[in-house]
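An overview of the molecular structure
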Amino acid sequence: MPQWITVCSGLIQSTLPQAQWDRMLYGTLQRHEIGRPQLNQVCGGLIQTSGAITQQRRMLHSTDKFLAAKDSLQPSEEKVGAFTKIIEAMGFTGPLKYNKWKIKIAALRMYTCCVERTDYEEFFHRCHMPDTLNSWFLIAQLHVWMCLVRMKQEGRAGKYMCRYIVHSMWEDVEQRGKVMGIDSFTLKQSMRSMTENFYAAIFGYDEGILSNDRILAAALWRNFFNKHCEDPRQLELLVEYVRKQMQYLDAINGEDLLLTGEVTWRPLVESNAQSILKPTSPAYNDEGL
């Protein structure tokens, strides 16, 4: 029966008996032995020969399970056609998994969840923040960033949704500034400063979430507290909040987020740490609305 033997990450179809292949492999490996342990480089990998020929054969042999895992598509990858690559290189968005209007509506809902389902009074009280537009923006942008991190895991559709979450945020900030009576020149200057701080904060938060709590605490101290935090317990509280919130968002099904945009937030201070359970899937109709 034909056999597949893996050599140097390539597949060579063999019709020789297994015993003959074993003798050929044994002879090849035997010539590299010099009587003591050494490192031999084979096909870019290092094989340590210590007289145990069976171990060397095992390293050259690749199982069907390994081949299946290697050939399978990674979750972060997404196959797109040549036409889609061309139009996206030109700055346009190609066909997505779901209707673009549904994703836009879900993005608006997700941003609404960021600003309407957050207990701002608790943040003001526990973090000693003034009740101002800038304080509101710092809290909102932290929750928007957590949504962006979660949705970027959903491929091209998730990245498309991120664009409209940020778009909804800036429109909301501008409208709130007008309602508060801020003149157009001052509002324009404030939004320019907020934009710079927003992208700087995203960069710092991304570094912190991928690193340890010390890096995340430094990012929160620079961006959320604007370098004005003398109580380390406040930083500890915010780091714990971000970590548990990201874990909570990761438990939500990605398709549910793309179709509904429904997000709930854990309280800043948990009355019962055991209450952090996997969130239930939101309900939506056949149109994703």
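Refer to the preceding data block for the structure.
Presented here is an overview of the structure given in this document. The written sequence of each chain sets the order in which its residues are numbered from 1. Thresholds applied to this predicted model are a pLDDT of at least 70 for local features of residues and 80 or more for the giving and counting of side-chain atom pairs; totals over whole chains, interfaces and linings are not thresholded and use all residues. Note that the side-chain values use all heavy atoms of the structure and ignore hydrogens as well as water.

**Describing helix α5 (residues 100–116)**
- Secondary structure elements are defined from DSSP: runs of H or I of at least 4 residues count as helices, runs of E of at least 2 residues count as strands, and each element is numbered from the N terminus. The span you would expect from a helix comes to 1.5 Å times its residue count less one. Relative to the 24 Å expected for 17 residues at 1.5 Å per residue, α5 spans 24 Å between its end C-alpha atoms, a close match to the ideal helical length.
- Regarding α5, the residues found buried are Ile103, Ala106, Ala107, Met110, Tyr111, Cys113, Cys114 and Val115.
- Contacts made by the buried residues of α5 are with α6 (120–126), α7 (133–151), α8 (155–179) and α12 (254–260).
- Throughout this description, a polar contact denotes any pair of N or O atoms lying within 3.5 Å of each other; where both atoms belong to protein, one of them has to be capable of donating a hydrogen while the other can accept it, and for residues adjacent in sequence the pair is counted only when both atoms sit in side chains. Its side-chain oxygen 2.8 Å from the backbone nitrogen of Trp101, Asn99 forms the N-cap of α5. Buried means the residue's accessible area, taken with a 1.4 Å probe over protein chains only, is under 20% of the maximum for its type, while exposed means over 50%, and partly exposed covers the values in between. Only heavy atoms matter for contacts: two residues are in contact if any of them lie within 4.5 Å across the pair.

**Observations regarding the packing of aromatic side chains**
- When the centres of two rings from Phe, Tyr and Trp lie within 6.5 Å, Trp using its six-membered ring, the rings pair. Their planes under 30 degrees apart give stacked, over 60 give edge-to-face, and anything left gives tilted. By the definition in use, this model includes 8 aromatic pairs.
- Centre to centre, the rings of Trp170 and Phe198 are 5.6 Å apart; their planes meet at 80 degrees, and the pair counts as edge-to-face. With Trp170 in helix α8 and Phe198 in helix α9 (residues 184–210), the pair connects residues that are 28 residues apart, well separated along the chain. Phe198 carries the same exposure label as Trp170, and that label is buried.
- Linked through ring pairs, Phe123, Phe224, Phe225 and Tyr241 together constitute an aromatic cluster.
- Two conditions define a charge located above a ring, namely a distance within 6 Å from the ring centre to NZ of Lys or CZ of Arg, and an angle within 35 degrees of the ring normal. Here the basic side chain of Lys104 rests over the ring of Trp101, its NZ or CZ set 4.4 Å away from the ring centre.
- One cation-aromatic arrangement involves Arg266 over Tyr248; the distance from NZ or CZ to the ring centre is 5.5 Å.

**Observations regarding the side chain of Glu270**
- Locating Glu270 in the fold gives a position in the segment after α12.
- At 3.2 Å, the side chain of Glu270 and the side chain of Lys244 are in polar contact.
- Side-chain polar atoms of Glu270 contact the side chain of Arg266, separated by 3.1 Å.

**Structural notes on the environment of Asn212**
- Turning to its location among the elements, Asn212 is positioned in the loop between α9 and α10 (213–223).
- One polar contact links the side chain of Asn212 to the main-chain amide nitrogen of Ile215, over a distance of 3.0 Å.

**Re the environment of Ala217**
- Counting through the fold element by element, Ala217 comes out in helix α10.
- Sequence separation between Ala217 and Leu237 is 20 residues, and the spatial gap between their C-alpha atoms is 9.7 Å.
- Ignoring sequence-local partners within four residues, the contact set of Ala217 consists of Leu235 and Val239.

**Some remarks on unusual backbone geometry**
- For His128, which is not glycine, the phi torsion reads 55 degrees and is therefore positive.
- Along the chain, His128 falls in the loop between α6 and α7.
- Overall, His128 belongs to the exposed group, its relative accessible area being 62%.
- The residue Lys227 is not glycine, and still its phi comes out positive at about 65 degrees.
- Position of Lys227 relative to the elements: it lies in the loop between α10 and α11 (232–250).

**Brief notes about the packing of α5 against α8**
- Here, axes are lines fitted to C-alpha atoms. For helices the fit covers the stretch in contact, and angles between N-to-C directions go from 0 to 180 degrees. Taken N-terminus to C-terminus, the directions of α5 and α8 make an angle of 50 degrees; their axes are 8 Å apart at the nearest point. Relative to α8, α5 is oriented oblique. Both α5 and α8 take part in a crossing whose hand is right-handed. Packed against α5, whose contacting residues are Lys100, Ile103, Lys104, Ala106, Ala107, Leu108, Met110, Tyr111 and Val115, the element α8 presents Ala157, Tyr160, Met161, Tyr164, Ile165, Ser168, Met169, Asp172 and Arg176 at the interface.
- Per-class residue counts for the contact of α5 with α8 are 13 nonpolar, 1 polar and 4 charged. An angle below 35 degrees is read as roughly parallel, one above 145 as roughly antiparallel, one from 65 to 115 as roughly perpendicular, and any other as oblique. By definition, turning the near helix anticlockwise from the far helix through less than a right angle yields a left-handed crossing, and turning it clockwise yields a right-handed one. Side-chain classes follow a simple rule in which Ala, Val, Leu, Ile, Met, Phe, Trp, Tyr, Cys and Pro form the nonpolar group, Asp, Glu, Lys and Arg form the charged group, and the remainder, Gly included, forms the polar group.

**Quick word on the packing of α7 against α8**
- Running from N to C, α7 and α8 cross one another at 170 degrees; their axes reach a closest spacing of 10 Å. Here α7 lies roughly antiparallel to α8, going by the angle between them. Judged by residue contacts, Leu133, Trp136, Phe137, Val144, Leu148 and Met151 of α7 engage Gly158, Lys159, Met161, Cys162, Ile165, Val166, Met169, Trp170, Asp172, Val173, Arg176 and Gly177 from α8.
- A per-class count over the contact of α7 with α8 returns 13 nonpolar, 2 polar and 3 charged.

**Section: the pattern of salt bridges**
- Salt bridge criterion: a side-chain nitrogen from Lys or Arg within 4 Å of a carboxyl oxygen from Asp or Glu. Using the criterion set out here, one finds 9 salt bridges in the structure.
- The salt bridge involving Arg117 is made with Glu262; its shortest N-O contact spans 2.8 Å. Of this pair, Arg117 sits in the loop between α5 and α6 while Glu262 sits in the segment after α12; the two residues are 145 residues apart in sequence, bridging distant segments of the chain.
- Under the relative-accessibility criterion, Arg117 is labelled partly exposed at 40%.
- Across the salt bridge formed by Asp172 and Arg176, the nearest N and O atoms sit 3.0 Å from each other. Of this pair, Asp172 and Arg176 are both found in helix α8, 4 residues apart, which corresponds to roughly one turn of the helix.

Shape descriptors only; they carry no functional weight alone.
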